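# Chain and residue survey
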Amino acid sequence: MITNTELEYKGNLYPNQIISFNQDVDKFNFTSENGVILQITVLRNSALRFRYATENVFEPDFSYAISEDASRGYGDLEVSEEESYYLITTTKLKVLVDKLTMRIQISDHEGNIINEDEIGFHWEENYEYGGNTVKMSKITQNAESYFGMGDKATHSNLKGKRVNNWCMDQYAYGKDQDPLYKAIPFYIGLHKNQAYGIFFDNTFRSYFDFAHERRNVTSFWADGGEMNYYFFYGPEMSKVVKAYTNLTGTPELPPMWAMGYHQSKWSYFPESNVKALAAKFRELRIPCDALYLDIDYMDGFRCFTWDKKKFPDPKRMMAELNEDGFKTVVMIDPGIKIDKDYWVYQEAMEEDYFCKRGDGPYMKGKVWPGECHFPDFTNPEVREWWAELYKEFMSELGVHAVWNDMNEPAVMEVPTKTAPLDTRHNYDGHPCTHRKAHNIYGMQMVRATYEGIKKYVYPKRPFVITRAAYAGTQRYSSTWTGDNVATWEHLWLANVQVQRMCMSGMSFVGSDIGGFAEQPNGELFARWIQLGVFHPFCRVHSSGDHGDQEPWSFDTDVTDIVRKYIELRYQLLPYLYTMFWKYSKFGEPMLKPLVYFDQEDTQTHFRTDEFIFGDHILVCPVQEPNAQGRRMYIPRGKWYNYWDDNIVKGGKEQWVEADIDVIPLFIKEGAIIPKFPVQQYVGELVIEKLDLEVYFKLGTESSTVYEDAQDGYDYNKGDFSLRSFKMNGKENSLVIQQFKDGAFMTSYDSFRINLHGLPFAIESVEVDNEEVPLNEVKPNGNDVIEICKDFTQVIIKG
Ligand code: GLC
């Protein structure tokens, strides 16, 4: 037990006795005798916000993280005053505020404590910069586990670890290195099957200690700003993640091609090489939708220019690539070369758009083009200007998408690797230094990029990629995990990082497949592709100076494996697109770690390797050389081995065969998985038939398939197709019902139903209450049924 004297001794200040209380609709204000105000806002029955002011004054309430579309609304709300505490009661939670110490205890209606302050709020005054170091400490509950926190290259369960958030350029980072490129101060706690989440919306450098320093204490603090955190209650982890994602927002649907396979390198040039690359994909029949141009397409690394020696006619080149089904994605960095003859530099100087230092000079930093100034993207006027810079690229030249890099911002040759802390920012009218703006700098850059791209590719959908991010960046952009390394350990890391990002609201994410630094051998590349096709963003990228990393850069065996898996991704596009739709609409993470999938099973709390892709596909990459298979945990329930349809019972660790061309994949029984035919790029073929892979289950299970025009915005006007399939399996019958929603007419109205694990021989088939002769619907044996209409019910009897 920490005493108040100890606290004072450590230089900490803490609230004392509450002397007044008032309620303003959904806001409760408690004021302590020494001038701390605690404001609790009830956002929803199970979502609360806690803010603390010192010296009786709150900061202006402003956040880049919170989405305008966040839902609000709660049912009954009551408050009562007892002798030693106040009690706020929602339909889901009870919040107790201790009168003497202002400490909080949150419990459910059964009296289970979900989360409880240890010291609770305390702070240290910061003489040098003013303001406070704001701190919060919580009691670590018995057997509590912690997840989330965005991009942390460490074990998925954070118990016992300390991490901090400060966007950093980390070339060739290592396991446990921290911080990396992103700052997402959101975690999920889980104990006694109760999950809750805490989002500390503070953009200063922040720190989280998960029972690392003291075994029974979890704490978080920041170098400045306010103690301002949101609390989400589950008890299901899925509810927590969705509530956080609802608050910080989801992306709109990207064009479907953005979910295809992408090929990148630093750098493909000149034009002839890019053309040869494209031709090779088509020649070898390896599907691919996008090719990337890294910094070398620019003239001396000046953003928004072209090196005309390498790319004499970018417009023609991109049009020709497009003819062949390739989209071109180009890189744009934040640093603008100091060059009086360069138009972007001139415009920014004229308009005073560059960041300045504390005493007035422009902030200067070295990046690829040499000395640069950096636009202040936290100024709305600068964002508008930046958005307009894309006009020529997008609407005249035909660039399809943009990749924002180095936006932490990265600065070379200085120990801090970033802008000096006294750099000034507008912060949307709340002027501040880089201490406060650093973690959202990249986010505001990519936000401006997104606005520009969206405007100039309209009526098509924008696709943008960023390296740096703060909570909420998912509204604007996809992302990748930065400069990883071609090692087996990094394959493990990529798997953990992408899952963790999905749990932290940012699902549209992938790694540089094969590794950015150094060179993978064929085996590592093959194993990485097997994982990468199950990542929401699927791109091979490499630094290019260690050799090539194209699908054909290794043995032909490897090329065949790579093709096989990219083809599988293209077959699964309707499934993947549906995953994205669920993410976009409901905030559901596209990949689900096992703990998310089955939190009641405590065995899942320490698993890192296995994850659920969407709702029904269990994936577990092989992460070491020379493997013939691996041990893996199969979650509870019955699963079909994707490769041989063998049914396994989960709930234990088991050995799974996985020769070099196999990644362990299992399908949940009862699932109906939609598949397209293999296409070389999205939209190459008019889909004439939807394949439904039906995995028989005794009992019921639902699956959905969302489709629309794959680009554009008509889906917002009801032009989508949502098919919900419900299967009901019995000893000698199987019923598949289809419910349809939306006005979109899919290009097909027939289905090939591939039956897996049907326990009986088919005697009769009824489609929409009419029996059909078996020779009409059963082209080959017992397990395929062709139905040439948009059915509402199929009954298969044995
Ligand atoms: C950074 C990026 C990397 C890119 C390189 C050159 O290191 O993370 O992806 O290739 O810069 O632009």
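Position labels on residues start from 1 in each chain and follow its written sequence. Owing to the predicted nature of the model, reporting of local features is limited to residues with pLDDT of at least 70; listing and counting of side-chain atom pairs is limited to 80 or more, with chain, interface and lining totals taken over all residues. The side-chain values count all of the structure's non-hydrogen atoms but skip hydrogen atoms and water molecules.

Counted only if it meets this: UniProt positions are given in the numbering used here, feature names are shortened, and annotations may be inferred rather than shown by experiment.
An unreviewed UniProt entry annotates the chain as DUF4968 domain-containing protein of Maribacter luteus. Under the UniProt heading Sequence similarities (unreviewed entry), the entry covering the chain gives this text: "Belongs to the glycosyl hydrolase 31 family."

### Some words on the packing of helix H11 (residues 556-571) against helix H12 (residues 573-586)
Test applied: Between the N-to-C directions of two axes lies an angle of 0 to 180 degrees, each axis being a line fitted to C-alpha atoms and, for a helix, fitted only over the stretch in contact. A run of H or I in DSSP counts as a helix once it spans at least four residues, and a run of E counts as a strand once it spans at least two, with each numbered from the N terminus. Our angle categories are set so that under 35 degrees counts as roughly parallel, over 145 as roughly antiparallel, 65 to 115 as roughly perpendicular, and the remainder as oblique. In what follows, residue pairs with any heavy atoms lying within 4.5 Å of each other are defined as contacts. The classification used treats Ala, Val, Leu, Ile, Met, Phe, Trp, Tyr, Cys and Pro as nonpolar, Asp, Glu, Lys and Arg as charged, and all other residues, Gly among them, as polar.
Closest axis-to-axis distance for the H11/H12 pair is 5 Å, and the angle between their directions is 60°. As the angle between them shows, H11 and H12 are arranged oblique. Where H11 abuts H12, its residues Arg569, Tyr570 and Gln571 lie against Leu573, Pro574 and Leu576. Within the contact of H11 with H12, the residues separate by chemical class into four nonpolar, one polar and one charged.

### So, the side chain of Gln549
Threshold: Identification of polar contacts relies on pairs of N or O atoms within 3.5 Å, with a donor-acceptor requirement for protein atoms, meaning one able to donate a hydrogen and the other able to accept it, and with residues adjacent in sequence counted only if both atoms are side-chain atoms.
One can find Gln549 in the loop between strand E33 (538-540) and H11. A polar contact of 3.2 Å, which involves the side chain of Gln549, links it to the backbone oxygen of Ile513. In contact with Gln549, not counting residues within four places along its chain, are Gln263, Ile513, Gly514, Gly515, Glu518, Gln519, Pro520, Phe525, Val540, His541, Ser542 and Phe554.

### Regarding the UniProt feature "domain: Glycoside hydrolase family 31 N-terminal" (unreviewed entry) in the chain
According to UniProt, the positions carrying the feature "domain: Glycoside hydrolase family 31 N-terminal" (unreviewed entry) are residues 38-209. As a span, residues 38-209 carries 0% helix and 48% strand, and end to end its C-alpha atoms are 23 Å apart.

### Quick look at the domain arrangement of the chain
The line we're drawing: In this document the domain limits rely on a domain assignment from an automatic tool or a database. Once two parts are put together, the accessible area they lose, assessed with a 1.4 Å probe and summed over both, is termed the buried area. One side-chain nitrogen of Lys or Arg within 4 Å of one carboxyl oxygen of Asp or Glu is enough to make a salt bridge.
Segmenting the chain into domains produces domain 1 (18-245), domain 2 (290-324 + 326-480), domain 3 (591-668) and domain 4 (686-797). Between domain 3 and domain 4, the C-alpha centre-to-centre distance is 27 Å. Residue-level contacts link six residues of domain 3 with seven residues of domain 4. Of the roughly 570 Å² buried where domain 3 meets domain 4, counting both sides, 47% is carbon and sulfur surface. Three residues, His616, Tyr640 and Asp645, lead the burial of domain 3 against domain 4; their summed loss comes to 68% of the area buried on that side. The tally of links from domain 3 across to domain 4 stands at one salt bridge.

### Quick look at the pairing of strand E16 (residues 206-210)
Applied cut-off: Exposure classes here rest on a 1.4 Å probe applied to the protein chains alone. A residue is buried below 20% of its type maximum, exposed above 50%, and partly exposed in between. A pair of strands counts as paired when DSSP detects no fewer than two bridges linking them.
Among the five residues that make up E16, five are buried, leaving the element largely enclosed by the rest of the structure. Neither face of E16 is open: one carries Ser206, Phe208 and Phe210, the other Tyr207 and Asp209, and all of them are buried. Pairing of strand E12 (residues 162-165) with E16, which is carried by four bridges, proceeds in the antiparallel orientation. Of the residues in E16, the one forming a bridge with Val163 is Phe208. In this sheet, strand E17 (residues 217-222) lies alongside E16 in antiparallel orientation, the contact comprising five bridges. In the sheet register, Phe210 faces E17, and the bridge partner there is Thr218. Remark: six residues form the turn of the hairpin made by E16 and E17, two consecutive strands paired antiparallel; Ala211 in that turn has positive phi of roughly 55°.

### Describing the environment of Trp257
When you line up the elements, Trp257 lands in the loop between helix H2 (237-248) and strand E19 (261-263). For Trp257, a relative accessible area of 6% translates into the label buried. Measuring from C-alpha to C-alpha, the distance between Trp257 and Leu573 comes to 9.6 Å, with 316 residues separating the pair along the chain.

### Some points on the sheet that holds strand E43 (residues 690-695)
Sheet architecture is open: four strands sit in the order E42-E43-E47-E50, paired in mixed fashion. Edge positions in the sheet fall to strand E42 (672-675) and strand E50 (784-787), since each has one partner strand and no second. Neighbour-to-neighbour, the strand axes of this sheet turn through a mean angle of 20°, independent of strand direction. For E43 and strand E47 (residues 751-756), the ladder comprises six bridges, and the chain directions are parallel. Among the inter-strand pairings, Leu692 is bridged to a residue of E47, identified as Ile753.

### Focus: the pattern of salt bridges
A pair can form between side chains of opposite charge whenever their charged atoms are brought close. The tally for this structure, following the rule as stated, stands at 55 salt bridges. For Lys275, the salt bridge is made with Glu271, and the minimal N-O distance between the two is 3.8 Å. Taken together, the residues span about one helical turn, with Lys275 and Glu271 both in helix H3 (residues 271-283) at a distance of four residues. Here Glu271 falls in the buried class, since its relative accessible area comes to 10%.

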